[in-house]
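Remarks on the overall topology
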Amino acid sequence: NASKLSEELFYQLTLKNFSNFRYQALQEPVPLSQLALLALEEKFDETLSWDDSDGSKEDVARRVSELLCEKAEMLKEYLGVYIDAEGRLLGVPNMLAGYTPEIGKLPEFVLALAENVDWSTERACFQTLARVLGHFYAVDCSYDEINASADEGAQITPADEETETQRVIRLVVFPAMKRNLLPPRDYAT
């Protein structure tokens, strides 16, 4: 599956290029608290209920912003994640020339930086940061569906034509996988 393989690719690229990332600016700086709140609202929709013992969603979003502001210098130096003093996300690392992650995943990315990173030890911190970045940069699985229908000999109609995103995945991400990805053994099963 392209999503799983690309997540592993970007995890490995994070480890390989650690402390050597270029900066990819966002068009507009976005407050971390706003992104965290969007992610919390998405995560705790009607199917999952919010537990008020942690405070309101707004309080948690503010704490997420505070944590990431506290870690901003390290995130910038090692990973190319730029956060300003006002708690706004300015940019993300340019992990692969010609490829930009899905911008709609920014809220989930910000929340994952707070929830899924083990900040307690250096080694665990860097490994979990690499996993979070790998997940954020992973390609959208919908590309697999188009390839599957084309591989089965189905007639491709204009509605099935390759999108710009799919073209970038085919011309940028897949060749990078071929050159750089060392699949873990558990991927063989």
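Preceding block: the structure.
A quick note: this is a predicted structure, and the numbers were derived from the prediction, not measured. (Residues numbered from 1 in each chain as written. Predicted model: local features only at pLDDT ≥ 70, side-chain atom pairs only at ≥ 80, totals over all residues. Heavy atoms only, no water.)

A few words now on the overall build of the chain. Helix and strand counts for the chain come out as 8 helices and 3 strands. Ordering the α and β elements of the chain from the N terminus gives α-β-α-α-α-β-β-α-α-α-α. Classification of the 189 residues of the chain by burial places 41% in the buried group. The long-range share in the chain, meaning contacts at least 24 apart out of those at least 6 apart in sequence, stands at 73%. (Helix = DSSP H or I, 4+ residues; strand = E, 2+ residues; numbered from the N terminus. Buried < 20%, exposed > 50% of the residue type's maximum accessible area, 1.4 Å probe, protein only. Contact = heavy atoms within 4.5 Å.)

A volume near 360 Å³ is recorded for the largest pocket. What lines the largest pocket is a set of 17 residues, among which Y99, T100, P101, E102 and T165 lie closest to the centre. Counting residues per element, the lining of the largest pocket draws most heavily on helix α8 (residues 164-180), at 4 residues. Of the residues that constitute the lining of the largest pocket, the class distribution is 8 nonpolar, 5 polar and 4 charged. Taken as a whole, the second largest pocket holds about 250 Å³ of empty space. Lining of the second largest pocket is provided by 16 residues; of these, A39, P107, E108, F109 and L111 occupy positions nearest its centre. Among the elements of the structure, α2 (32-43), α5 (106-115) and α6 (122-137) are those that each provide at least two residues to the lining of the second largest pocket. Here the lining of the second largest pocket gets 6 residues from one element, more than from any other, and that element is α5. (1 Å grid on protein atoms, 1.4 Å probe; cavity = no way out; pocket = protein on both sides within 12 Å on 5 of 7 lines; lining within 4 Å. Points joined across faces, edges and corners; volume = space filled by probe spheres on them. Nonpolar A, V, L, I, M, F, W, Y, C, P; charged D, E, K, R; others polar.)

As enumerated under the stated definition, the model contains 9 aromatic pairs in all. Summarising the aromatic geometry, the rings of F18 and Y78 are spaced 5.0 Å apart at their centres and angled 10° between planes, so their arrangement reads as stacked. Of the two residues, F18 is situated in the loop between α1 (2-16) and β1 (22-31) and Y78 in helix α4 (residues 72-79); the sequence distance between them amounts to 60 residues. Look at Y78 and F126: their rings are 5.5 Å apart centre to centre, the planes differ by 75°, and that puts the pair in the edge-to-face class. Placement of the pair is Y78 in helix α4 and F126 in helix α6, with a sequence separation of 48 residues. Under the relative-accessibility criterion, F126 is labelled buried at 16%. A cation sits over an aromatic face here: R131 above Y11, 3.4 Å from the ring centre. (Phe/Tyr/Trp six-rings, centres within 6.5 Å; stacked < 30°, edge-to-face > 60°. Lys NZ or Arg CZ within 6 Å of the ring centre and 35° of its normal.)

Now for the side chain of D84. Structurally, D84 can be placed in the loop between β2 (82-83) and β3 (88-94). Only 2.7 Å separates the side chain of D84 from the side chain of R88, close enough to count as a polar contact. (Polar contact = N/O pair within 3.5 Å; in protein donor to acceptor, adjacent residues only side chain to side chain.)

Time to look at the packing of α5 against α6. One can describe the packing of α5 onto α6 by two numbers: an axis separation of 10 Å at closest approach and a directional angle of 170°. Taken together, the axis directions place α5 and α6 in an arrangement best described as roughly antiparallel. Where α5 approaches α6, its residues L106, E108, F109, A112 and L113 are matched on the opposing element by L129, V132, L133, H135 and F136. Counted by class, the contact of α5 with α6 contains 8 nonpolar, 1 polar and 1 charged residues. (Axes fitted to C-alpha atoms, helices over the stretch in contact; angles between N-to-C directions. Parallel < 35°, antiparallel > 145°, perpendicular 65-115°, else oblique.)

On the secondary structure map, Y99 appears in the loop between β3 and α5. For the pair Y99 and V173, spaced 74 residues apart in the sequence, the C-alpha separation amounts to 7.3 Å. With near-sequence residues (within four places) excluded, Y99 lies in contact with F10, Q24, N94, Y137, A138, V139, V168, V172 and V173. A distance of 2.7 Å separates the side chain of Y99 from the backbone oxygen of Y137, its partner in a polar contact.

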